[in-house]
Amino acid sequence: MEINFKKYQKMQPAERLIFFMGGLSITNRTPEYYVNWDKVSRETKKYELELNTLNYLIGREDIYNETYALFTKQPELIKAIPSLIACRDKIINIVNIDDSDKMSFSQLDFKKIDVNKLAEYTNFAEKSGLLTFLKEEANRSLVDYVYGVEAGLDSNARKNRSGDTMEAILDKTVSNAASILDLEYKAQATAKYIEENWNVIVPVDKSERRFDEAVFDPRRKKLWIIETNYYGGGGSKLKAVAGEFSELSKFVESSQDDVKFVWVTDGQGWKVSHLPLAEAFESIPNVFNLEMLSAGFLLDLFKD
């Protein structure tokens, strides 16, 4: 069903919802979504010197004593241990269980090395399996190894990256529209920024709130506040999100200035959270998905 922005605007909320649901995307994952190579390289280079020095331990027979001796001479090498065991924490809490099942707790600081705990650091490296790996398995540069570890750790950030991807797509769409229509815009805009630069008052529910995009037409003194997100899976959070943006829309549009709220959202998760989304459509006229952005709905909204 081909519908342009004008037709969409004239629809009843239930009709707009049906059209919106019919265009939900399968994914918003661009090729850049999978690995942030700049971050991987940056994290690896933090300990490049230490890792190159630790290459000395690869294949050593008396690995424990060799490690302890090396740590004694160069304690700063210990800072590289968390990276070698795929851990982001710099202060690691440890539970030790002895042969009689008694537990004791300890803590090791890998950011500020305690030279009085060199044996504890070495024991940790041994019990974690790192020394066995260095002795029996490692056969190439530890810098290359950590590069791979960092690429794996970076995959844990993909959940958050989905939102970043939506913000990037939205920013590109807004930038193109602003260029065509000679509009002003600001990503991550605050109410303070908007007031100081455009003399428009935007009511906010949180003083620190940042809007994903704010677009301003200086000729008409018209402002659009845009928020975006993406949900590939369902869950209770979607109901809360729909309610939050419904309230935010009412709050923002209560301004005495000409301010409109726009919600750009997408993802197959909305198929299992149909009811809260239907309620949101009753109070937010401008709810768009990626297909609608691609069809120029945002550009047409700014023209309107």
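Below, the structure is looked at part by part. Since we're looking at a predicted model, the values are computed, not measured. All residue numbers refer to positions counted from 1 along the written sequence of the respective chain. With pLDDT at 70 or above as the cut-off, local features in this predicted model cover only qualifying residues; side-chain atom pairs require 80 or more to be listed or tallied, and sums for whole chains, interfaces and linings still use all residues. Excluding hydrogens and water, the side-chain figures rest on all heavy atoms present in the structure.

Brief notes about the environment of Lys10
And step 1. Locating Lys10 in the fold gives a position in helix 1 (residues 5-10).
And step 2. With 275 residues separating them along the chain, Lys10 and Pro285 place their C-alpha atoms 9.7 Å apart. Runs of E in the DSSP output that reach at least two residues are strands. Runs of H or I that reach at least four are helices, and both are numbered from the N terminus.

Comments concerning the sheet that holds strand 5 (residues 222-230)
And step 1. Two strands qualify as a pair provided that DSSP identifies no fewer than 2 bridges between them. Ordered in space as 3-4-5-6-7, the 5 strands form an open sheet in which the pairing is mixed. Of all the strands in the sheet, just strand 3 (184-190) and strand 7 (287-288) have a single pairing partner and so form its edges.
And step 2. Sheet analysis places strand 6 (residues 258-266) next to strand 7, joined by 2 bridges and oriented parallel. The residue of strand 7 that forms the bridge with Val264 is Phe288.

Here's the deal with empty space enclosed by the protein
And step 1. Method remark: on a 1 Å grid restricted to protein atoms, a set of points is classed as a cavity if a 1.4 Å probe fits but cannot get out and as a pocket if it is open with protein on both sides within 12 Å along at least five of seven lines; lining residues have an atom within 4 Å of a point. Grid points are joined across faces, edges and corners, and a volume is the space filled by probe spheres set on the points. Counted under the stated rule, the structure contains 1 cavity of 30 Å³ or more.
And step 2. Estimated volume of the largest cavity: approximately 30 Å³.
And step 3. As for the largest cavity, its lining consists of Leu54, Leu57, Thr67, Phe71, Ile81, Leu84, Leu130, Leu131 and Leu134.
And step 4. Among the secondary structure elements, those contributing two or more residues to the lining of the largest cavity are helix 5 (63-73), helix 6 (81-84) and helix 8 (130-137).
And step 5. Examining the composition of the lining of the largest cavity, we find that 3 residues originate from one element, helix 8, more than from any other.
And step 6. Following the grouping adopted for this structure description, the nonpolar residues are Ala, Val, Leu, Ile, Met, Phe, Trp, Tyr, Cys and Pro, the charged ones are Asp, Glu, Lys and Arg, and the polar ones are all others, Gly among them. Here the residues of the lining of the largest cavity are counted per class, giving 8 nonpolar, 1 polar and no charged.

Describing the nonpolar core
And step 1. Among buried residues, the Ala, Val, Leu, Ile, Met, Phe, Trp, Tyr and Cys ones that are joined through side-chain atoms within 4.5 Å form a nonpolar core. Type-normalised accessible area, obtained with a 1.4 Å probe on protein chains alone, sets the label of each residue: buried when under 20%, exposed when over 50%, and partly exposed for intermediate values. By size, the foremost hydrophobic cluster in this structure holds 56 residues, and its most contacted members are Tyr8, Ile194, Leu223, Ile225, Trp263 and Phe288.
And step 2. Excluding residues that lie within four positions of it along the chain, Ile194 makes contacts with Ala189, Asn199, Val200, Val202, Phe211, Ala214, Leu223 and Ile225.
And step 3. With 28 residues, the next largest nonpolar core counts Leu54, Leu70, Leu84 and Leu118 among its residues. Contacts are residue-level and defined by heavy atoms, with any inter-residue pair within 4.5 Å sufficient.

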